Amino acid sequence: MQGPAVFIDAEIDDQAQELRQFLKGLGAEISEEKSTKGIEDDLHKIIGVCDVCFKDNTHSPEEIDAVLNSIVSIIVSIPLERGENLILSFCDKMTKAKETSLARVCLQSLWRLFSNLEVTSPLRYHVYYHLVQVAKQVNQVKEVFTGVEQLKAQFAQCPPSNEQMQKLYRLLHDVLKDSNSELASKVMIELLGTYTSENASYAREDAMKCIVTALADPNTFLLDPLLSLKPVRFLEGELIHDLLSVFVSEKLPSYLEFYKNHKEFVNSQGLNHEQNIKKMRLLSFMQLAESNSEMTFQQLQDELQIKEEEVEPFIIEVLKTKLVRARMDQRARKVHISSTMHRTFGRPQWQQLRDLLLSWKSNLTLVQENINTVSAAQMELAQRQ
């Protein structure tokens, strides 16, 4: 076979014959001659055996990339209504590469295909789904997915069906849960948001995964919004919902009591007890900070069940999260709270926010009146002069 430029420069029919000859040379069961049925039949047969490239050790990844690039260039030249099966077949083949270097080549080929399809093409969804699968193989998920908003923007001109998005969200959650638990939580919450009152009862497994992911994520502390999700509501009365409720509004002793009574359940969910305690201590501190502008070290020892020498390191860890603004007075053995994020945001918090805004409005009005008074006095003085 000639160099990569042959695939790029040749006409489509010639590209197809070059591909046939190349794949035949690698041992694929394919004729070297072009099909009498036309380019689509050629491409169907070429894609059917193209994974033979992944078993070949005589060609570099760059050469394999040129071969796959040629296949992509032919695919995108075929009318959309006749190319669906070809694209689905090609995407499936791209998930077959075992070696990392070749899987990266497949990732590039899928991205090339995704980028060259019309933004209104419904087939972009299928290509993207396989892109994520291959990206996981080569640990490059962050190259193809950075967030839910970016994902929605990519499909804005041809939104996938609700069922397709649910399938994609599940895949994204699976590939993210071990490397980026915070983003995995956001994806799972987005997934639960796709269910309605009519079908929320079918989302039991997704809802449980969402709760577990959020509880296990060391950077997720505002858990109250989960309770309003319809699929989560259907879990009321079950242990997983009870555990979520503890993390939403209870303090450390409540969690310890729950764990004492349901140790096997907590462990069966893949949750780490020590990490749960660490998180509950932070949440308990936040709740204490809501109603206490000042706390003694002794109070923290008692409430959080920590030793005297653990108090200062704990406060430092709290401040690192930026959930609470506070100042530690080591001499007086106290911590002074400036502000804290509320664990829940219900009617009392809205009332508190309303009162704060009214106070600001009143203060601004007073400032404006003072400015007007000073301006009037200055004008009067200027007129006298």
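Residue numbers run consecutively from 1 along every chain, following the written order of its sequence. The model is predicted, so local features are restricted to residues of pLDDT at least 70 and side-chain atom pairs to those at 80 or more, both for listing and for counting; the totals for chains, interfaces and linings are taken over all residues. Side-chain descriptors were evaluated using all non-hydrogen atoms of the structure, hydrogens and water having been removed beforehand.

**Some remarks on the sheet that holds strand β3 (residues 334-340)**
(1) Moving on: Strands are labelled as partners when DSSP assigns at least two bridges between them. A run of H or I in DSSP becomes a helix once it reaches four residues, and a run of E becomes a strand once it reaches two; helices and strands are each numbered from the N terminus. Reading across from one edge, β1-β3-β2 is the order of the three strands in this open sheet, with antiparallel pairing throughout. Each end of this open sheet is capped by a strand with a single partner; those strands are β1 (294-296) and β2 (324-329). The average angle at which neighbouring strand axes cross in this sheet is 25 degrees, direction not considered.
(2) Moving on: Bridge count between β2 and β3: six bridges; the pairing is antiparallel. Following the sheet pairing, Val-324 is matched in β3 by Thr-340.
(3) Moving on: Here, two residues are considered to be in contact whenever any of their heavy atoms come within 4.5 Å of each other. Comment: axis = line fitted to C-alpha atoms, over the contacting stretch for helices; angle = value between 0 and 180 degrees taken between N-to-C directions. On the sheet, helix α17 (residues 273-291) packs against β1, β2 and β3 and is oriented at approximately 85 degrees with respect to β3.

**Examining the pattern of salt bridges**
(1) Moving on: A pairing counts as a salt bridge when a side-chain nitrogen of Lys or Arg comes within 4 Å of a carboxyl oxygen of Asp or Glu. In total, this model carries 14 salt bridges according to the counting rule given.
(2) Moving on: We note a salt bridge from Arg-112 to Asp-65, for which the minimum N-O separation is 3.4 Å. In this pair, Arg-112 sits in helix α6 (residues 100-116) while Asp-65 sits in helix α4 (residues 61-75), placing the two residues 47 residues apart along the sequence.
(3) Moving on: Here Arg-112 falls in the partly exposed class, since its relative accessible area comes to 23%.
(4) Moving on: Asp-65 sits in the buried class, given a relative accessible area of 17%.
(5) Moving on: For Glu-205, the salt bridge identified is with Lys-209, shortest N-O distance 3.8 Å. Linking Glu-205 with Lys-209, this pair stays in helix α12 (residues 204-216), spanning four residues, or about one helical turn.
(6) Moving on: Because the salt bridges share partners, they merge into one network encompassing Lys-136, Asp-174 and Lys-177. For every residue, the accessible area obtained with a 1.4 Å probe (protein chains only) is divided by the maximum for its type, and the residue is called buried under 20%, exposed over 50%, and partly exposed between those limits.

**Quick word on the confidence of the model for the protein chain**
Low pLDDT marks stretches whose predicted atomic positions should not be read closely.
(1) Moving on: pLDDT runs from 0 to 100 and stands for how confident the predictor is about each residue. Averaged over every residue, the pLDDT of the protein chain is 87; residues scoring 70 or more account for 89%.
(2) Moving on: No element of the protein chain has a lower mean pLDDT than helix α1 (residues 5-9), at 41, and none a higher one than helix α15 (residues 252-261), at 97.
(3) Moving on: Segment residues 349-353: pLDDT under 50, and six contacts once partners within four positions in sequence are set aside and those in other chains are kept.

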